Amino acid sequence: MVRMSQRTPAKPRGHGLAATTLALASLGGCLAAPPVAPEAPAASGAGSAAAPGASGASGASSESAQQQAFARWLEAFGAFARAQGIREETLRVAFADVRYVPRVVDRDRAQPELTRTVWDYLDRTVTPQRVSAGQEKLLQVRGEADGAAARFGVPPHVVLAVWAMESNYGGNVGDVPTVDALATLGFEGRREAWARGELLAALKIVQAGDIEPARMTGSWAGAMGQTQFLPSSYLAYAVDADGDGRRDIWGSAADVLASMANFLARAGWQADQPWGVEVRLPPAFDHARADLQVRQPSARWSAEGVQSTDGAALPEFGDGAILLPAGARGPAFLVGPNFRAFLRYNNSSHYALAVGLLAQRLGGGPGVTAAWPRDLAALTRTQLMALQTALNERGFDSGTPDGMVGTATRSAIRRYQRSVGLPADGYPTLELLQRLQAP
Ligand SMILES: [Ca+2]
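In this report, we go over the structure that sits alongside the text. As the structure is a prediction and not an experimental result, all values here were calculated from the model.

## Regarding the overall build of the protein
The number of helices and strands found in the protein is 17 helices and 6 strands. For the protein, buried positions account for 53% of its 439 residues. For the protein, the accessible surface area stands at approximately 18100 Å², while carbon and sulfur atoms represent 52% of it.

Dropping the structure here:
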């Protein structure tokens, strides 16, 4: 899940949504749409699995019509790709077995009703098993990890943490053919321009000889290999570190680790800094300032009474921000540029916090010391929409209710909280919803 800039996301997931609405389906970082059974090949027409009877016949004919439409889309795409320098032979090889995969569309359209709290997410992603597996893994890839660290300045335990979140140290890369996933998303049309650009990038990778199309697999959303790079991120950041002339993020540990380290370095990684540190806030702290956009030097935070929980001096960030992932009652963190580099990989503060904490644990450091407010329930998407509607009705504009907590919703919650004398942490709770809905 890499998001280097708005134009070149390394990963596709819809993690722009906030923390509290991280969907169940995207837990764990990974990919891994379960294996997608190949549907009838487009080239041979469809309908082989049609059930008998009238409804089956009509199902078969609509399926067949869809396959024909998919074939036409591919043909038009082929003309576009040729104009962009893709050779006939590349198209022939890359599209030899291309299939429309309905499940890709199902996953893309899914709007899970349930959301996870940050502690639930961390409980599932930063586990003792993952820490011990990572320490063991590090023994196996020590040379490759040290090589990546020397070249890009990103410590081995940090790269290992990203590797864990993306593909469980390479154990779970997803087995959807990338060409199928992107052609399906392009044909489906909701994000056609994006999918066409990524599919073109995928063809460039095939044309360069880095990977055979049959091995070019990943998530339903087009994120590939052990790094879960989208094709455009691959073109920009993948590295051949083992010297065989191919950038193999599917099978070469050296290439995988170097590619992730290169991504983080280009995303602004600062070699001499931690990602962040757990802190204690002073009693009179204005919680509205716990916002990734509110940045200032660590010395200023320190002067305001922000202290690290372990008593050490704060890391020297030029532009540190306070993160309160579970609201005023939960743990607080001071985060710097390296936390923002994790966000480039996947734009979710839950994800970035998990990477940071996992890296910290892999490096022998502590976990979170303050208690999470585990009595607070995660709001469902329906409840979040009700919260947004209630805020709007009371004149605290949260935008069009969509059940996702973004900047506008958080800001509306803060303004409401301030208006009734509550800590303005912007964190949605059931209690807040009930209070807003009370006559
Ligand atoms: Ca290589």
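## Description of helix 16 (residues 407-419)
A rise of 1.5 Å per residue sets the reference length of helix 16, with its 13 residues, at 18 Å; its end C-alpha atoms lie 18 Å apart and thus fit the reference within 8%. Three or more residues of helix 16 are buried, namely Thr409, Ala412, Ile413, Arg414, Tyr416 and Gln417. In this fold, the buried residues of helix 16 make contact with helix 15 (381-393) and helix 17 (430-437). Gly421 sits one or two positions beyond helix 16 and adopts a positive phi of about 75 degrees.

## Points about the coordination of the calcium ion
Note on the calcium ion: its protein donors are Asp240 (OD), Asp242 (OD), Asp244 (OD), Arg246 (O), Asp255 (OD) and Asp255 (OD). The metal-donor distances range over 2.2 to 3.1 Å. Classification of the site at the calcium ion as irregular follows from its 6 donor atoms and the range of 46 to 160 degrees in their angles at the metal. Mapped onto the sequence, the donors of the calcium ion take the spacing D-x1-D-x1-D-x1-R-x8-D. Overall, the relative accessible area of 38% leaves Asp242 in the partly exposed class.

## Points about the side chain of Gln226
Among the structural elements, Gln226 can be located in the loop between strand 2 (217-218) and helix 10 (231-237). Under the relative-accessibility criterion, Gln226 is labelled buried at 9%. Within the structure, Gln226 has its side chain in polar contact with the backbone oxygen of Trp250 (distance 2.8 Å). Here Gln226 is in contact with Trp163, Glu166, Ser167, Tyr169, Gly170, Val173, Ile249, Trp250, Gly251 and Val256, once residues within four sequence places are set aside.

## Focus: the packing of aromatic side chains
Tallying each qualifying case throughout the model produces 18 aromatic pairs. Among the aromatic residues, those joined into a cluster by ring pairs are Trp73, Phe77, Phe80 and Phe95. Sitting over the face of the ring of Phe80, Arg196 holds its NZ or CZ atom 4.4 Å from the ring centroid.

## Comments concerning the pattern of salt bridges
Throughout the structure, instances matching the rule amount to 18 salt bridges. Residue Asp120 is joined to Arg116 by a salt bridge in which the shortest nitrogen-to-oxygen separation is 2.8 Å. Judged by relative accessible area, Asp120 falls into the partly exposed class, the value being 22%. One salt bridge connects Asp286 with Arg418, and the closest N-O pair in it is separated by 3.5 Å. Residue Asp286 is found in the loop between strand 3 (276-280) and helix 12 (298-303), and its partner Arg418 is found in helix 16; the two are separated by 132 residues along the sequence. The partly exposed category is assigned to Asp286, whose relative accessible area is 34%. Among the residues examined, Arg418 registers a relative accessible area of 49% and is labelled partly exposed. By sharing partners, the salt bridges in this structure join Glu212, Arg215, Arg246 and Asp248 into a single network.

## Quick word on the sheet that holds strand 5 (residues 321-323)
An order of 4-3-6-5 is seen for the 4 strands of this open sheet, with the pairing classed as antiparallel. One side of each edge strand has no neighbouring strand; the edge strands of this open sheet are strand 4 (307-308) and strand 5. Judged from the 2 bridges that link them, strand 3 and strand 4 form a sheet pairing that is antiparallel. Across the sheet, the residue bridging to Val279 is Ser308, located in strand 4.

## Focus: the pairing of strand 3
Burial analysis of strand 3 places 4 of its 5 residues in the buried class, the great majority of the element. Relative to strand 6 (residues 332-335), strand 3 runs antiparallel, the two sharing 4 bridges. When the bridges of strand 6 are listed, Glu278 appears paired with Phe333.

## Concerning the nonpolar core
Counting residues in each nonpolar core, the largest one holds 84 residues, and the members touching the most others are Phe95, Leu122, Met216, Leu257, Leu264 and Leu353. When residues of this core are assigned to their parent elements, the largest contribution, 9 residues, is made by helix 14 (residues 349-362). Setting aside residues up to four positions removed in sequence, Phe95 forms contacts with Leu74, Phe77, Val179, Leu199 and Leu203. Counting residues in hydrophobic clusters, the runner-up holds 13 residues, among them Phe396, Ile413, Leu433 and Leu436.

## Some details on the environment of Thr382
Relative to the helices and strands, Thr382 resides in helix 15. Note: C-alpha distance between Thr382 and Leu114 (268 residues apart in sequence) is 8.9 Å. There is a polar contact of 2.7 Å between the side chain of Thr382 and the side chain of Glu113.

Rules used in this analysis
Residues numbered from 1 in each chain as written. Predicted model: local features only at pLDDT ≥ 70, side-chain atom pairs only at ≥ 80, totals over all residues. Heavy atoms only, no water. Helix = DSSP H or I, 4+ residues; strand = E, 2+ residues; numbered from the N terminus. Buried < 20%, exposed > 50% of the residue type's maximum accessible area, 1.4 Å probe, protein only. Areas by Shrake-Rupley, 256 points an atom, 1.4 Å probe, with all protein chains shown as cover. Expected span 1.5 Å × (residues − 1). Contact = heavy atoms within 4.5 Å. Donors = N, O, S within 2.8 Å, 3.2 Å for Na, K, Ca; no water. Tetrahedral: all angles 85-135°; square planar, octahedral: opposite > 155°, others 65-115°. Polar contact = N/O pair within 3.5 Å; in protein donor to acceptor, adjacent residues only side chain to side chain. Phe/Tyr/Trp six-rings, centres within 6.5 Å; stacked < 30°, edge-to-face > 60°. Lys NZ or Arg CZ within 6 Å of the ring centre and 35° of its normal. Salt bridge = Lys/Arg side-chain N within 4 Å of Asp/Glu carboxyl O. Pairing = 2+ DSSP bridges. Core = buried A, V, L, I, M, F, W, Y, C linked by side-chain atoms within 4.5 Å.

These values are about where atoms sit, not about what they do.
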